[in-house]
2 protein chains.
Amino acid sequence: VGEECVFDDPATLRAYAQDASRLAGRPAALVRPRREEEVVRLLRFAQQARVAVVPRGAGTSPTGSATAPSGEVLLDLSRMRRILDISTTDLVAEVEPGVLTGELQERVEALGLFYPPDPASSRTSTIGGNIATGAGGLRGFKYGVTRDYVLGLRAVLMGGEILEVGGRALKDVVGYDLVRLLVGSEGTLAVITRAVLRLIPLPPARATLLATFPTPLGAFLGADRLLASRVLPRALESLDRDVIEIVAAARGLEARPEEQSRLLVECDGTRASVEEEIAAAAQALREAGAALVRIASSPGEAQELWQERRSISSSILRLFPAKRSEDVGVPRGQLAEAVEEMKAAGRRHGIRVLAYGHAGDANLHCNLLFDPAWPGAEEAVLAAAQEIHAIVRRRGGTASGEHGVGLKKRAAMTAMLPPASRRLHFGLKRLFDPHNLLNPGKALPLEEAG
Amino acid sequence: VGEECVFDDPATLRAYAQDASRLAGRPAALVRPRREEEVVRLLRFAQQARVAVVPRGAGTSPTGSATAPSGEVLLDLSRMRRILDISTTDLVAEVEPGVLTGELQERVEALGLFYPPDPASSRTSTIGGNIATGAGGLRGFKYGVTRDYVLGLRAVLMGGEILEVGGRALKDVVGYDLVRLLVGSEGTLAVITRAVLRLIPLPPARATLLATFPTPLGAFLGADRLLASRVLPRALESLDRDVIEIVAAARGLEARPEEQSRLLVECDGTRASVEEEIAAAAQALREAGAALVRIASSPGEAQELWQERRSISSSILRLFPAKRSEDVGVPRGQLAEAVEEMKAAGRRHGIRVLAYGHAGDANLHCNLLFDPAWPGAEEAVLAAAQEIHAIVRRRGGTASGEHGVGLKKRAAMTAMLPPASRRLHFGLKRLFDPHNLLNPGKALPLEEAG
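Every value quoted in this text rests on a predicted model; they were computed, and no experiment measured them. Numbering of residues starts from 1 in every chain and runs along the sequence as written. Labels follow written order: the first chain is A, the first ligand is 1, and so on. Restriction of local features to residues with pLDDT of at least 70 applies here, the model being predicted, together with a cutoff of 80 or more for giving and counting side-chain atom pairs; totals for whole chains, interfaces and linings are based on all residues. The basis for every side-chain value is the complete set of heavy atoms in the structure, and neither hydrogens nor water enter the calculation.

Trainee: Any chance you could break down empty space enclosed by the protein for me, citing the residues and the numbers?
Mentor: Residues and elements named next belong to chain B. Cavities and pockets were defined on a 1 Å grid built from protein atoms only: a cavity is a group of points that admits a 1.4 Å probe but offers it no way out, a pocket is an open group of points flanked by protein on both sides within 12 Å along at least five of seven lines, and a lining residue is one with an atom within 4 Å of any such point. Grid points are joined across faces, edges and corners, and a volume is the space filled by probe spheres set on the points. One pass over the full model with this rule turns up seven cavities of 30 Å³ or more. When its volume is computed, the largest cavity comes out at roughly 50 Å³. As for the largest cavity, its lining consists of Leu210, Leu239, Arg262, Leu264, Leu305, Glu308, Arg309 and Ile312. Per the convention used, a helix needs a DSSP run of H or I reaching at least four residues, while a strand needs a run of E reaching at least two, with both numbered from the N terminus. When residues of the lining of the largest cavity are traced back to their parent elements, those giving at least two are β14 (261-269) and α10 (299-310).

Put into structure tokens, the structure is as follows:
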């Protein structure tokens, strides 16, 4: 691969041992390629020597998918970070995997174009990581998720062969959808080295609205009412009382007692449509019982509201460094009931469960808060998480709407997928990686249940 | 399966021998199940007896994917046509495969909801067929294609096992994307028996605009200008001079000489945004050199324009029953040049090539017109089609944006996919259908090149 790409000093390896899941890894070595050719050489060698390899972007995975728990070689793609092309005529961007999502967004918006997928981590996560995990984000309800914007991929298969799928055609139905088979496969099938991403015209205007509700479920009822009034917001985020308190505390404030839930709405489009939609949204939310509806009066005020939303995860982490994050999804109509059940499940185990996130998609970030010093905390939080997964499963939902499976959700995945699906998962893995060397032990059902 | 579902009289089999490709088939029998259980029993028997089965919706495939060329059993799913649920709270519809797409659209729109995928055949094609072929349509540029609206599938594997993938959660990243692996697999991996489809709020308003251009490439330049002005139309359809003449002839009229190309635009959204967008579109098109820009003044007038657009394919067929349809896609910026090249390729072989379709997606329907009575016509049209595929390939495009591969595009597919991709295609087929009994000989690269 070249000496200057390989690191094995203990300090560097320690620095790369964890991802955002805080699960510990112990990589045997770290490889930081600058070119696809170096990835090819590494995977050719790895196959011959039967060495396992774990691809990694910026290490923002909350599931452990980017850790090397068993002495694997960590393949850090963050140095391959060129934006190779932004085409205003083809309406695509071509990028290397290490490009930060937020950087790409800024670059294309300066040209009047728009890359809608927007994980809350967009400033720190990479496009390659977004693709590998099928990242979602705040604009999913109107614009879809990362999956919907990947037109083509170049990837390296274990053994070093290059796989090219899709391309710059905006529609393509020739063959099985290998593009989307790689999206969300968490580095278990191939290592992405280049992506062609779809861009759309940048909507000329947008507006933000904040609504607060005097009841815990008010935000969900408001979201339902808003969608029933045929408004299609680009973001529709709910916060529960616990999150409101933590966000306030992070700014040294106290949450007002009458604010039991909160909804943050963003509409985009033409100037006129944005005015019309945000007014219709405000009316729907007032009718749904909002105590306060405030339309941001300046771009700065809107930005502040969204910055606060994006910082929720880190605000919680500062107060509860040992929190467990779940990002469950349920059928939309069951959202309010499911949240009540999940909070009750937490209470039974002495765990505070807070819920915030994508109310449009019914994909909520449930954080299980606990003090690790408390004896029995680990067991209690695991038991509560298992109950939460069972609730979601019973309701026909999913254990992960956007974080992925990694190490943390393999048990939940195993319980969720029917036997035929589990069998096909193992078959797909064997087809792409017969020696189980690419990110082994991640993102698949547990073998014993297979 | 039950006698009342099985037909083998010659008249019935003849009626089902072709699909819209007009390729002849000779099915050994026709099975028309009413329930999933009957599909299960058929595929259990078929595996045991090593009988090949071809799934079929409404037979509107232009590629032969729904024909039984080698004495297979034809599995017609058009009797399984219940709309099981339309949920205004979950924002999904749950349907059987034989539901007509247009019927579903009408039913959900009556409830203020919207199922955007809109193949031109929507009144006659089925949801199951749309999913199996990954159908596109007129609203792809703004809203995406069938692939983007399938949340969950129930399907029967060869051998009779039921496979459930996805569900009602709007976002789900647990496991490999088996939903999208089935979408567009043209019945070669499993038989779809139920689908959960995503719905969105129905945009309250829409408007249609017709622009004509005095130059052959005017419509493409207009489309570029329109998108650069940050308008995001829900449909953006171009017609070339040949199509304009045929459409006029079908109504007993003559096309005006100054009308060399035409663009049909539809915007949707709020009432205000639609006015704003359609005005911005009109201005962009005038700036791009449109001779005439007419905004439809009534829903009736708009409907007439779209009805005319939808009838293009049948209008051409009436005049040129032996036409060959290609639905190539190229990178957007190359659309105008590619069309000129394709027309020139046709001329070299004495074949008139006309082009109309989805200018937003750069996915055009190229029809090769010829008189089958002319000696050498078959060879000439095949040679022209091969040149067209080579042009598209050279430009990094695709042999099919929405029709699929079926029988007709296997050679083009083989040339288009790199070796690693071809190998994975065969591997996927073997994984799902080891005895090659589900729609054999369709939608895969040619073996000899594998």
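Trainee: If you had to explain the relation of the copies chain B and chain A to someone new, which residues and values would you point to?
Mentor: The least-squares superposition of copies is restricted to C-alpha atoms, and to residues with a pLDDT of at least 70 in both copies. Mapping chain B onto chain A calls for a screw motion: a turn of 180° about the axis and a shift of 0.0 Å along it, with 0.0 Å RMSD after fitting. Such a combination of rotation and displacement between the chain copies is what one expects of a two-fold axis. Across chain B, the rotation axis passes nearest the C-alpha of Ser273 of chain B, at a separation of 2.2 Å. Contacts are residue-level and defined by heavy atoms, with any inter-residue pair within 4.5 Å sufficient. In this assembly the copies share their binding face: 100% of the residues contributing to the interface of chain B also contribute to that of chain A.

Trainee: Can you tell me about helix α3 (residues 101-109) of chain B, naming the residues and giving the values?
Mentor: Residue and element names in this part refer to chain B. Only protein chains enter the accessibility calculation, which uses a 1.4 Å probe; a residue is then buried when its area is under 20% of its type maximum, exposed when over 50%, and partly exposed in between. Taken together, the buried positions of α3 are occupied by Thr101, Gly102, Leu104, Gln105 and Val108. Projection of α3 onto a plane perpendicular to its axis shows the buried side chains occupying an angular sector of 160°, all on one side. On its buried side, α3 packs onto β5 (83-87), β6 (92-95), β7 (113-114), α4 (127-133) and β10 (191-198). By construction, the arc corresponds to the directions joining the helix axis to the C-beta atoms.

Trainee: Account for the pairing of strand β17 (residues 352-358) of chain B, with residues named and values stated.
Mentor: Residues and elements named next belong to chain B. Counted residue by residue, β17 has six buried out of seven residues, so it is predominantly covered. We call two strands paired when DSSP finds no fewer than two bridges between them. Pairing between strand β13 (residues 235-240) and β17: three bridges, direction antiparallel. In the sheet register, Ser238 faces β17, and the bridge partner there is Gly357. Of the strand pairs in this sheet, β17 and strand β18 (residues 363-369) are connected by seven bridges, and their pairing is antiparallel. Within β18, the residue paired with Ala355 across the bridge is Cys366. Hairpin geometry of β17 and β18 is characterised by an intervening segment of four residues between the two adjacent antiparallel strands and by a positive phi of about 55° at Ala362.

Trainee: Explain the interface of chain B and chain A to me, and be specific about the residues and the numbers.
Mentor: At the junction of the two partners, chain B supplies 84 residues and chain A supplies 84 residues. In short, buried area is how much 1.4 Å probe accessible area vanishes from two parts on joining, totalled over both. Carbon and sulfur atoms make up 64% of the surface buried where chain B meets chain A, a total of about 6700 Å² over both sides. Of all residues in chain B, the largest losses of buried area upon contact with chain A belong to Lys171, Tyr176 and Arg230 of chain B, amounting jointly to 15% of the total for that side. For this document, the term salt bridge refers to a Lys or Arg side-chain nitrogen within 4 Å of an Asp or Glu carboxyl oxygen. Seen at the junction of chain B and chain A, the total is six salt bridges. Between Glu402 of chain A and Lys171 of chain B there is a salt bridge, and its shortest N-O distance comes to 2.6 Å. N or O atoms closer than or at 3.5 Å make up a polar contact, with two conditions inside protein: a donor-capable atom paired with an acceptor-capable one, and, for residues adjacent in sequence, both atoms drawn from side chains. Inspection of the chain B/chain A interface yields 26 residue pairs in polar contact (both at pLDDT 80 or more).

Trainee: Could you give an account of the packing of helix α8 (residues 241-250) of chain A against helix α11 (residues 312-319) of chain A, with specific residues and numbers?
Mentor: Residue and element names in this part refer to chain A. As a rule, the C-alpha atoms of each element are fitted with a line to give its axis, helices using only the stretch in contact, and angles between N-to-C directions run from 0 to 180 degrees. At a minimum axis distance of 9 Å, the contact between α8 and α11 shows a crossing angle of 80°. With respect to each other, α8 and α11 are oriented roughly perpendicular. Counted together, Val243, Ile246, Val247 and Ala250 of α8 and Ile312, Ser315, Ile316, Arg318 and Leu319 of α11 form the full contact between these two elements. When residue character is reported, Ala, Val, Leu, Ile, Met, Phe, Trp, Tyr, Cys and Pro are called nonpolar, Asp, Glu, Lys and Arg charged, and the others, Gly included, polar. Broken down by class, the residue content of the contact of α8 with α11 amounts to seven nonpolar, one polar and one charged. The cut-offs work like this: below 35 degrees is roughly parallel, past 145 is roughly antiparallel, 65 to 115 is roughly perpendicular, and the gaps in between are oblique.

Trainee: Quick one: what's the story with the environment of Leu226 of chain B, residue by residue and with numbers?
Mentor: Residues and elements named next belong to chain B. Take Leu226: it is sitting in helix α7 (residues 218-228). Take Leu226: its relative accessible area is 0%, and that puts it in the buried class. Separated by 30 residues in sequence, Leu226 and Val196 place their C-alpha atoms 35 Å apart. When neighbours within four sequence positions are excluded, Leu226 is seen to be in contact with Val231, Pro233, Leu236, Val265, Ala281, Ala284 and Leu285.

Trainee: Run through the sheet that holds strand β2 (residues 29-31) of chain A, naming residues and quoting values.
Mentor: Residues and elements named next belong to chain A. Read from one edge of the open sheet, four strands run β1-β2-β4-β3, paired in mixed fashion. Because the sheet does not close on itself, it has two edges, and the strands there are β1 (6-7) and β3 (53-56). The sheet contact formed by β2 and strand β4 (residues 73-76) spans three bridges and is parallel. Opposite Ala29, over in β4, you have Val73 as the bridge partner. Across the sheet, helix α2 (residues 36-49) is in contact with β2, β3 and β4; its angle to β3 comes to roughly 155°.

Trainee: Give a detailed account of the packing of aromatic side chains, specifying residues and quantitative values.
Mentor: Only Phe, Tyr and Trp rings are paired, with Trp represented by its six-membered ring, and only when their centres lie within 6.5 Å; those with planes under 30 degrees apart are stacked, over 60 edge-to-face, the remainder tilted. This structure, assessed with the given rule, holds four aromatic pairs over all chains. For the ring pair Phe114 of chain A and Tyr143 of chain A, a centre distance of 5.3 Å and an interplane angle of 90° mean the geometry is edge-to-face. Of the two residues, Phe114 of chain A is situated in strand β7 (residues 113-114) and Tyr143 of chain A in helix α5 (residues 140-143); the sequence distance between them amounts to 29 residues. Here the two residues Phe114 of chain A and Tyr143 of chain A agree in accessibility, since each one is buried. One Lys or Arg, Arg198 of chain A, reaches over the ring of Phe141 of chain B and ends 5.2 Å from the middle of that ring. Only when the NZ atom of a Lys or the CZ atom of an Arg is both within 6 Å of the ring centre and within 35 degrees of the ring normal do we say a charge sits over the ring.

Trainee: Any details on the sheet that holds β14 of chain B? Residues and values, ideally.
Mentor: Residues and elements named next belong to chain B. One open sheet accounts for seven strands, arranged β15-β12-β14-β13-β17-β18-β16; its pairing is antiparallel. At either end of the open sheet lies a strand with only one pairing partner, and these are β15 (292-295) and β16 (324-329). The average angle at which neighbouring strand axes cross in this sheet is 20°, direction not considered. Pairing between β16 and β18: six bridges, direction antiparallel. Within β18, the residue paired with Val328 across the bridge is Leu364. Sheet strands in contact with helix α13 (residues 377-394) are β16, β17 and β18, and its direction is about 5° off that of β16.

Trainee: Just give me the short version of the pattern of salt bridges, but keep the residues and values in it.
Mentor: One side chain can pair with another of opposite charge once the charged atoms of both are near each other. Tallied over the entire structure, the rule returns 92 salt bridges over all chains. In this structure, the salt-bridge partner of Arg241 of chain B is Glu245 of chain B, at a minimum N-O distance of 2.9 Å. Residue Arg241 of chain B and its partner Glu245 of chain B are located together in helix α8 (residues 241-250), separated by four residues, close to a single helical turn. Judged by its relative accessible area of 19%, Arg241 of chain B is buried. Connected via shared salt-bridge partners are Arg251, Arg256, Glu258, Glu259, Arg262, Glu304 and Glu308 of chain A.

Read these as spatial facts, not as claims about activity.
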